[in-house]
Every structure is written in structure tokens, then in C-alpha cells.
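Close look at the chain arrangement
What follows is each chain in one-letter form.
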Amino acid sequence: MEKLFGVDFGTGGCKAMVIDLDGNICASAFEEYPSQHLKPGWSEQEPAMWLDAFVKTVRSCGEQMKDGFGGVLALAVTASTHNAVLLDKDSRVIRPCIMWNDQRSGDQCRRLNENYGDDIFRIGMQMPTPTWTLPQLMWLKEHEPENYAKIDRLMFTKDYIRSYITGDFCTDVVDAQGSLLFDARKNCWSPEICRMIDLPLAVLPDVRRSKEVVGRVRAEIAALTGLPEGLPVIAGCSDTAAEDFSAGAVTAGQIVVKLATAGNVNLITDKAVPHEKSFTYPYSVEGKWYTVTATNSCASAYRWMRDALYPAEKELCEREGRDVYLLMDEQAAGAELGARGLIFHPYLLGERCPYFNPNARGDFFGVSMVHNKSHFARALLEGVAFSLYDCLQVLKDFTDKMEDIVVIGGGAKSPLWSQIVCDVFGLEVKQPANAESSFGGALLAGVGVGAFANELEAAGRCIRMKRTYRPDPGNHAKYDQLFAIYKEVAQTMPPVWEKLAQIAND
């Protein structure tokens, strides 16, 4: 049987998946890993964890199939974008990787906007915020000049892992765009932007198409994982670009809502449409673009609640072989809509759209003696849905058609959360059967080696919808009232966030 292999590195863990050419899953594995938060707003990971997770998940997939990796045609690696892995002249990692959700570079963003904002937006199509590699590198140059001086090669998460597999040194157009160092219109690194932080162009990788074969599995990796030596490996793309593809978003006008570590509301377009409150990327589907509006904390907020408020339940569920998230969902479902006036703002790591404030902080607003843990669980799910609805309002500047919406990501596995999103939006929402980055990456690998004629054929053959959520008009009306309060609180908080940030960072 011919098969395709995708491995994705999300912020919370690595997911590997083998599929056949009809989109059926042959094997899958997951390995969780942590982030380090050494200071408020900081988020870092050790790249060595990713390599260990890669080996473990690949081996597990091989063990699940009777013929191992026999028949596998190609491999794709995808990952969260913006994350720069810095290597010295001896190919050693210089420091832990500053992740996309790190907020330390707020001051650098302010100065970049003041001094170069128009030029950066003209070339890079986005305004500097702490998400982007450019301000992260500027922070490093100013605070760790000895590490900045050591940079010999700069790679992004998926490219670092793929280089470990094949020995190549390149990236794809999506991750290049995610750096804010790239001129996507000219399809090259921008000398003008790189000069702003004295970054030599020579340290940056070659830029290739996402579906292009850029290397093959080395003998050492084959021996370590069981993968066939010489297996073609494509350049890959960001996790979001792969997930959107896995959701069947291949034509302009389609909208993808992602409930993952972060939350996204993405619109597929035929051309670049830069906007100050969104992100603009070339898409993994060649010839298309996608516009991203995003909230920093989505499923990661639920994970935070699991660890902070449900440690005893988590331990008990693990002993009994149950999923603590199902227990949390049950409690949330037992609380009434609106959680009896309790509202959650999910700004646990600052916020992107539409506030773009690294000092933003999460809160539970309206706490009273009537509230118990079930209300907090319900308010968190609703608060994230409000944040995504906030993102959706920005997309109305681009389109007035909201008929083709799909929901994806780990959070979409929760029927309760998906229905809450549907009711908050007041729009019909579909759920694909296998909308994961590893699945989308595997499909893209199939396009890259000719197993499918193009992305449209791959999507038509392998992507299926399994459920449709329809909004309750009464629920939507109630949520609209709560959303107005959610917005009012968020819009009055920036001065308070600033004071809190000053205290926390002293």
C-alpha cells in the first residue's frame, strides 16, 4: 500500500501521522513537551526536545503498521512559525528557541514601528509585533550581544528538524514570510529589513516552495527511526498552512477557525491583502494567500486551567485511564450559558488580534459567591470563543461572505467547545474528519512527489467533513450581549495592563 507521512511540531507537542492515498489514517503518535516561562510573557523551548519527540513518534508509527514504513512515498515536516533556531559555526544551538508566543520584544516593536514601520509594512506586509522573528532578533542583539554575534545559521523549527533528517539548509515561503525578514512580492530576503538589525543575509536559508522535494532521509536517521533511507522529504510549511489545507481550504473565500495552542481565524484569498490588524502569508496551496487573525492563548489556556485548577482530577484521571479534558468539558456543560455572568479574557501571553498588546493579561471578570469550578471552565471556553469572534470582525474588512467555515485543531475535538464557537459566531460551522497539520503535511508531500496531480485533487480525494454545527439563534443573541461586555472590559484595560507589567517586570 502506498502511504504518505507527515510530522508536525506544535507548541505543545509533536504529532506524527501516516495516511494512505485515500486519506485513511494508517498510524499516528503524539509526544508532549513543555515550554519554559522564565519571566512573565517569556516562552522558550529547547530544540533538542523536538528531535527526541521526532524519533519517538516516528518509531511508534512504524511499530503500528504491519509492513512498517514499506510503501511510504514521502515525508513532510511542519511546525509553528516565527521560531528562530540559532546555530553557531560548529552547528551547535546557541540558546533556547524564543517561541512565537513570547512577548518580551514589546519595546523593540515600538521602536521598529516608530523608526521603520511604513517600510516594514510595505516590504513584509505586517506591522512589527512580538510574534515575529525580526523583533525577537532585535531583542537578542540588545540583551545578549554575545549570542547574537555567534549566529552562523538561522533556521526555523521545521527546518531545523528537517535538516537533522536530510542535512539540507533551506526554508519555505510560508516560514520565510513568518520571519518579517522576507519580501514575498520579490520572493527573496529583504536586505533593507535585515540592515535594520545588522543581520547578515548569509546566515539565512534558501527559500523553496512548500511542496518541493529538498532532501532525502540520511542513513543515520533511517537506522535510528526505521524510515527508508533515501525517502524524499519536502520543504514543508507552517502548521497553520498545513492545517488549513487539511481542512479542504483550497479556494478563495473559505474561512478556517483553529482551536489549537493559539486560536486563528483565517481567510483564503487569491492575492495578498495586507492589513494592520492581520497577518498576510503566501499559502501552501500554490498561487493562493491566506489572511490570519489570531489570539495567542486558545487550547493553551485550557491546558493552563487543567494544570492550575485540576491537578488532583488530572492525576485521578491518569490513574483510571480517562481524559481529564472530558471531565472539564462535562463540568463546563453543566454550567449555564454565560457562566452566570463570569467572563474570561484569554490574554495569558499578551494578545495579538485586534489589540496587539504584549502587556495584555488574562482575567476572570464578574466573579461572585455563586461561582464554582464548573463556571470557570465554561467561562474559559466562552472567553476563547469571544476572542475568536473578535478576530472574525477584522475579516469583515475583506469579505461579507461567511457561509464556508470549518473548525479545526485539538480544541475542535470537543463538541461542546465547537458548539459554543458556532453559537457565538451565529454561523454554521463544519468539522473535517482529519484536520491536523500532520495530515495536511502528508497530503502536501503527496503533491510534491506526484502522488496527486495538484492540491485540488489531493483535497477532493482525501478530505471529508464529519459533522456540521448549527447555531441556536437564542444562544447567539445572549452571547452578543456578553460579547459587548467582553469588549468593553478589554478596551478599558490597557492602562491597567501597563501598570501590572511594570510591577511584574521589576
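Before reading further, recall that the structure is shown in the block above.
What counts and how
- Residues numbered from 1 in each chain as written.
- Predicted model: local features only at pLDDT ≥ 70, side-chain atom pairs only at ≥ 80, totals over all residues.
- Heavy atoms only, no water.
- Helix = DSSP H or I, 4+ residues; strand = E, 2+ residues; numbered from the N terminus.
- Contact = heavy atoms within 4.5 Å.
- Buried < 20%, exposed > 50% of the residue type's maximum accessible area, 1.4 Å probe, protein only.
- 1 Å grid on protein atoms, 1.4 Å probe; cavity = no way out; pocket = protein on both sides within 12 Å on 5 of 7 lines; lining within 4 Å.
- Points joined across faces, edges and corners; volume = space filled by probe spheres on them.
- Nonpolar A, V, L, I, M, F, W, Y, C, P; charged D, E, K, R; others polar.
- Phe/Tyr/Trp six-rings, centres within 6.5 Å; stacked < 30°, edge-to-face > 60°.
- Lys NZ or Arg CZ within 6 Å of the ring centre and 35° of its normal.
- Core = buried A, V, L, I, M, F, W, Y, C linked by side-chain atoms within 4.5 Å.
- Polar contact = N/O pair within 3.5 Å; in protein donor to acceptor, adjacent residues only side chain to side chain.
- Salt bridge = Lys/Arg side-chain N within 4 Å of Asp/Glu carboxyl O.

Digging into the side chain of N357
- With respect to the element layout, N357 can be found in the loop between β19 (343-345) and β20 (363-365).
- With residues near it in sequence (within four places) discarded, N357 still touches Q103, G350, E351, P494 and W497.

Comments concerning the environment of G350
- Residue placement: G350 occurs in the loop between β19 and β20.
- Classification of G350 by relative accessible area gives buried; the value is 0%.
- Excluding anything up to four places from it in sequence, G350 contacts Q103, N296, N357, P358, A360 and R361.

Re empty space enclosed by the protein
- Overall, the coordinates contain three cavities of 30 Å³ or more when judged by the stated rule.
- Roughly 70 Å³ of internal volume is contained in the largest cavity.
- What lines the largest cavity is A84, L86, R95, P96, C97, I98, T133, Q136, L137 and L140.
- For the lining of the largest cavity, the secondary-structure elements that each account for two or more residues are β6 (84-87), β7 (97-98) and α3 (133-143).
- It is α3 that provides the largest number of residues to the lining of the largest cavity, a total of four residues.
- Looking at the lining of the largest cavity residue by residue, the classes come out as seven nonpolar, two polar and one charged.

As for helix α9 (residues 239-246)
- Taken across its eight residues, α9 has eight buried, putting it largely inside the fold.
- Regarding α9, the residues found buried are D239, T240, A241, A242, E243, D244, F245 and S246.
- Positive backbone phi, approximately 85°, marks G248, located one or two places after α9.

Focus on the packing of aromatic side chains
- Applying the stated rule across the entire model yields 21 aromatic pairs.
- The aromatic ring of W139 is capped on one face by R104, whose charged end is 4.6 Å from the ring centroid.
- The ring of F169 is capped by R153, whose NZ or CZ atom sits 5.3 Å from the centre of that ring.

So, the nonpolar core
- Of all hydrophobic cores here, the largest spans 73 residues; its most connected members are L181, L199 and F245.
- Ranked by residues supplied to this core, first place goes to helix α15 (residues 437-448) with six residues.
- Ignoring anything within four residues of it in the chain, the contact list for L199 reads L137, Y148, L181, C194 and L204.
- Formed by 57 residues, the second largest nonpolar core is a distinct cluster that contains L267, F376, V394 and Y469.

Let's talk about the layout of surface pockets
- Its volume calculated, the second largest pocket comes out at about 430 Å³.
- As for the second largest pocket, its lining consists of 19 residues, and the residues nearest its centre are Q103, R104, G106, D107 and N505.
- Breaking the lining of the second largest pocket down by element, the ones donating at least two residues are α2 (106-124), α3 and α18 (494-505).
- Across the lining of the second largest pocket, the residue classes break down as five nonpolar, eight polar and six charged.

A few points about the side chain of D175
- Looking at where D175 falls in the secondary structure, it is placed in helix α6 (residues 173-177).
- Overall, the relative accessible area of 0% leaves D175 in the buried class.
- Separated by 2.8 Å, the side chains of D175 and K158 make a polar contact.
- Excluding its chain neighbours within four sequence positions, the residues that come into contact with D175 are T81, H82, F156, K158 and D159.

Regarding the pattern of salt bridges
- Scanning the model with the defined rule gives 44 salt bridges in all.
- Residue R92 is joined to D88 by a salt bridge in which the shortest nitrogen-to-oxygen separation is 3.1 Å.
- With a relative accessible area of 11%, D88 lands in the buried category.
- Salt bridges here are not isolated pairs; linked through shared partners, they connect K158, D159, R162, D168, D172 and D175.

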